[in-house]
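The residues making up each chain are set out below.
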Amino acid sequence: MSLPPQIRVLQRGWLSSNNILFYDEDGCTLVDSGYVAHAAQTLLLLQHALEGKPLARLINTHCHSDHMGGNAAVQRAYGCRIGVPVGEAPAIAAWDDATLMLSYTGQSAERFGVDDTICAGERLKLGGLDWEALAAPGHDPYALMFYQAEERILISGDALWQNGFGLIFSELVGQAGAFAETRSTLEVISRLDIATVIPGHGAPFGSVGRSLQSAFQRLDAYEREPEKLARHALKVMLSFSLMIHGRIELAALPRFLAERPIYADINQRFLNLPQAELCEYLVSDLARAGALKIEQGWLVAAA
Amino acid sequence: MDPASGYCEGCRRSLEEIACWSQYCAAEKRAVLALLPARNAKP
């Protein structure tokens, strides 16, 4: 997938979002900073890609821990300004753990301050090109995407990946309406002329029609049977936890889940499985999918 | 990154390989992937 030379995608994994670097003569801009545990690698990659150029600004598509966890480290290293979607700013400024869903999910991030806010409809100069910020509610109610019309590039965050989109957290935690928001965001994307999507996770891709079609189908299935979304979400959350911790003792899994309230909340709201059954389901399904292995009583993330 | 080998502890790619990954063509990616099993064998 070829992109203009003033855009560099640092493709990361699932625990850390991609980092997208824009080269401008008066200072570079980074979009998203990855998960806090990967901050050292983020700084090394950034230093490598910057080749001595100054980093003036860091902006976030949204403020989940896998996108903003490295903000503080990047700001410490470069003294850059940090801009977040305007709707995220109050929770970041107050470092409101509940709204940021940190303890709730068992995820971490390092506190940082907001210098600038970005609104939907705002125009930004990135890599010498004009980009428009677009509202992308669904996965996160305040998320933004960035669109470049001449080069037909969409930075989609977690609103659209090549095969799917980020968990619809609001529905999962009992705030109805996020299915409709997710649909409207996919419809916004489908009305754009797009050559390349730079997603929050995974490689940049060009076949946006195919990705949108499967995203709409997935959304239809979740709306018909929200327990499908719930089962998927619990597995994604546990996989994410495994990436954070490396391994989890199988015998301690019930306590591990109990310490992270999102698991019980989703289970109670959608599935109502006894705790032991929930553990058994998650482990066996993730093992079958090749996402984890059991080694001497420990759950280990499959390579 | 593993300070001894210089490879990522997760994926066993070098900093250069991770930084340039999205610019590699499919053949270049395959060439790097082919190197990884040997790096895994020598942690």
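Residues numbered from 1 in each chain as written. Chains lettered and ligands numbered in written order. Predicted model: local features only at pLDDT ≥ 70, side-chain atom pairs only at ≥ 80, totals over all residues. Heavy atoms only, no water.

## Structural notes on the overall build of chain B
Counting its secondary structure elements, chain B contains 2 helices and 0 strands. In terms of principal-axis extent, the alpha carbons of chain B reach across some 30 × 20 × 10 Å. Taking all 43 residues of chain B together, the buried fraction comes to 37%. Here chain B has roughly 2600 Å² of accessible surface; of this, 59% comes from carbon and sulfur atoms. Across chain B, 6 positive and 5 negative side-chain charges occur, with their mean positions spaced 7 Å apart. (Helix = DSSP H or I, 4+ residues; strand = E, 2+ residues; numbered from the N terminus. Buried < 20%, exposed > 50% of the residue type's maximum accessible area, 1.4 Å probe, protein only. Areas by Shrake-Rupley, 256 points an atom, 1.4 Å probe, with all protein chains shown as cover. Lys, Arg positive; Asp, Glu negative; His and termini not counted. Charge placed at Lys NZ, Arg CZ, Asp CG, Glu CD.)

## Details of the environment of V84(A)
All names here are of chain A. Within the secondary structure, V84 sits in strand 5 (residues 81-85). Using a relative accessible area of 0% as the deciding quantity, one classes V84 as buried. Separated by 58 residues in the primary sequence, V84 and Y142 place their C-alpha atoms 9.6 Å from one another. In this view, V84 contacts N60, C63, A89, F112, V114, D116, T117 and I118; residues no more than four positions away in its chain are not counted. (Contact = heavy atoms within 4.5 Å.)

## A look at the interface of chain B and chain A
Of the residues lining the interface, 10 residues belong to chain B; the matching set on chain A comes to 9 residues. Taken together, the two surfaces of chain B and chain A that pack against each other cover about 960 Å², and 58% of this comes from carbon and sulfur. At the surface where chain B touches chain A, the tally comes to 0 salt bridges. Taken together, the links from chain B to chain A amount to 4 residue pairs in polar contact (both at pLDDT 80 or more). In terms of residue class, the side of chain B that touches chain A is made up of 7 nonpolar, 2 polar and 1 charged. (Buried area = accessible area lost by both parts, 1.4 Å probe. Salt bridge = Lys/Arg side-chain N within 4 Å of Asp/Glu carboxyl O. Polar contact = N/O pair within 3.5 Å; in protein donor to acceptor, adjacent residues only side chain to side chain. Nonpolar A, V, L, I, M, F, W, Y, C, P; charged D, E, K, R; others polar.)

## Regarding the packing of helix 1 (residues 39-50) of chain A against helix 3 (residues 71-78) of chain A
Between two packed helices, the angle of one axis relative to the other and the distance separating the axes together describe the packing. All names here are of chain A. Following both chains from N to C, one finds helix 1 and helix 3 inclined at 45 degrees, their axes separated by 9 Å at the closest point. The orientation of helix 1 with respect to helix 3, classified from their angle, is oblique. The two elements helix 1 and helix 3 cross, and the hand of that crossing is right-handed. Here helix 1 contributes A39, T42, L43, L46, Q47 and L50 to the contact with helix 3, which in turn contributes A73, V74, A77 and Y78. Classifying every residue of the contact of helix 1 with helix 3 gives 8 nonpolar, 2 polar and no charged. (Axes fitted to C-alpha atoms, helices over the stretch in contact; angles between N-to-C directions. Parallel < 35°, antiparallel > 145°, perpendicular 65-115°, else oblique. Left-handed = near helix turned anticlockwise from the far one by under 90°.)

Honestly, it's all geometry; don't read function into it.
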